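# What the coordinates show
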Amino acid sequence: MKSSPSLQTPSMVSSLLRDAGIRATDARRSVLSELLTSRRALSHLELQDAFPTMDRVTLYRALDCLTEADLVHKIPGDDRVFRYSTGNDHDTASKHTKGHHHGHFKCTRCTRVFCLDETQEPGSLKEQLQMSLEASLGRGFQSHDIELTIKGWCADCSK
């Protein structure tokens, strides 16, 4: 699961938790570290496999806490499985911004989910979609969350 070249140190992970105003428990540190080093969004089951000694309820609570603190976002899948990501799938841990305003790519063969890297200025996707929303529906409509998923085959599955 871990393929990021720049692994997060325990002190960096603890600092992210403290900066978000939450207690840095072992479970939260472990889960956040795993998600920060993953190149894709992970399901609860994948995280459970990564931490076989962690109680599944503790894992759910850690994920809920990290999601509420906006350190992790929860991605709903059409397979009724939620996947979790820090939005830092492209080694951009320092660019975490509040809110979930980017798209995802879901491989329809292996079901892996990847966050799309926003190479333009932060918020540009939201701004483009907001302009499209107003053009289609008129002024006054305001989005507060974006759930955009592109489906296809990942690089591994398209070989």
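Residues numbered from 1 in each chain as written. Predicted model: local features only at pLDDT ≥ 70, side-chain atom pairs only at ≥ 80, totals over all residues. Heavy atoms only, no water.

## Some remarks on the packing of helix H1 (residues 10-19) against helix H2 (residues 26-37)
The condition that has to hold: To get an axis, fit a line to the C-alpha atoms, keeping to the stretch in contact for a helix; angles then go from 0 to 180 degrees between the N-to-C directions. Under the scheme used here, helices are H or I runs from DSSP no shorter than 4 residues and strands are E runs no shorter than 2 residues, and both carry numbers assigned from the N terminus. The labels follow the angle: roughly parallel below 35 degrees, roughly antiparallel above 145, roughly perpendicular from 65 to 115, and oblique for the rest. We call two residues contacting when some pair of their heavy atoms lies within 4.5 Å. Under the scheme applied, nonpolar residues are Ala, Val, Leu, Ile, Met, Phe, Trp, Tyr, Cys and Pro; charged residues are Asp, Glu, Lys and Arg; polar residues are all the others, including Gly.
Packing of H1 against H2 leaves a shortest axis separation of 10 Å and a crossing angle of 105°. One finds that H1 runs roughly perpendicular with respect to H2. Counted together, Pro10, Val13, Ser14, Leu16 and Leu17 of H1 and Arg28, Arg29, Leu32, Ser33 and Leu36 of H2 form the full contact between these two elements. Grouping the amino acids of the contact of H1 with H2 by side-chain chemistry returns 6 nonpolar, 2 polar and 2 charged.

## Thoughts on the sheet that holds strand E2 (residues 73-76)
The following threshold applies: Any two strands with at least two DSSP bridges between them are considered paired.
Strand order in the open sheet formed by 3 strands is E1-E3-E2, with antiparallel pairing between adjacent strands. The two strands at the open ends of the sheet, each matched to only one other strand, are strand E1 (42-43) and E2.

## Regarding helix H4 (residues 56-68)
The condition that has to hold: By this rule, a helix spans an expected 1.5 Å times one less than how many residues it contains. Categorising residues by exposure relies on relative accessible area from a 1.4 Å probe, with only protein chains included: less than 20% of the type maximum marks a residue as buried, more than 50% marks it as exposed, and the intermediate range marks it as partly exposed. Summarising the geometry, the arc corresponds to the directions from the helix axis toward the C-beta atoms. Identification of polar contacts relies on pairs of N or O atoms within 3.5 Å, with a donor-acceptor requirement for protein atoms, meaning one able to donate a hydrogen and the other able to accept it, and with residues adjacent in sequence counted only if both atoms are side-chain atoms.
For H4, spanning 13 residues, the distance from its first C-alpha to its last is 18 Å, which sits close to the expected 18 Å at 1.5 Å a residue. Taken residue by residue, H4 has Leu59, Ala62, Leu63, Cys65 and Leu66 as its buried positions. Burial along H4 is one-sided: seen end-on, the buried residues are contained in an arc of 165°. Exposed residues lying more than 90 degrees from the buried face of H4 are Arg61 and Glu68. The inward-facing, buried residues of H4 contact H1, H2, helix H3 (44-50) and strand E3 (82-85). Where H4 begins, the capping side chain belongs to Asp55, and its oxygen is found 3.1 Å from the backbone nitrogen of Val57. Directly beyond the C-terminal end of H4, a positive phi value near 65° is found at Asp70.

## A few points about the state of the cysteines
Operational definition: Here, two cysteine sulfur atoms that lie within 2.5 Å of each other are counted as a disulfide.
For the coordinates displayed, the defined rule picks out 0 disulfides. The closest cysteine sulfur to the non-disulfide-bonded Cys107 is located on Cys110, 3.5 Å from its own sulfur. Just so you know, Cys157 is unpaired, no disulfide at all, and the nearest cysteine sulfur is the one on Cys107, 3.6 Å from it. Look at Cys157 and you get buried, because its relative accessible area is 16%.

## Re the sheet that holds strand E5 (residues 113-115)
Where strands meet in a sheet, backbone hydrogen bonds hold them as pairs that are either parallel or antiparallel. Across the sheet, which stays open at both edges, the 3 strands sit in the order E5-E4-E6 with mixed pairing between neighbours. The open sheet has two edge strands with one neighbour each: E5 and strand E6 (148-152). Neighbour to neighbour, the strand axes of the sheet diverge by 25° on average, direction disregarded. In terms of strand pairing, strand E4 (residues 103-107) meets E6 through 5 bridges, oriented parallel. Each bridged residue has a counterpart across the sheet, and for Lys106 the counterpart in E6 is Lys151.

## Structural notes on the pairing of E3
Bridge count between E1 and E3: 2 bridges; the pairing is antiparallel. Bridge pairing links Ser43 to Arg83 in E3. The sheet contact formed by E2 and E3 spans 4 bridges and is antiparallel. Counted as the bridge partner of His73 is Ser85 from E3.

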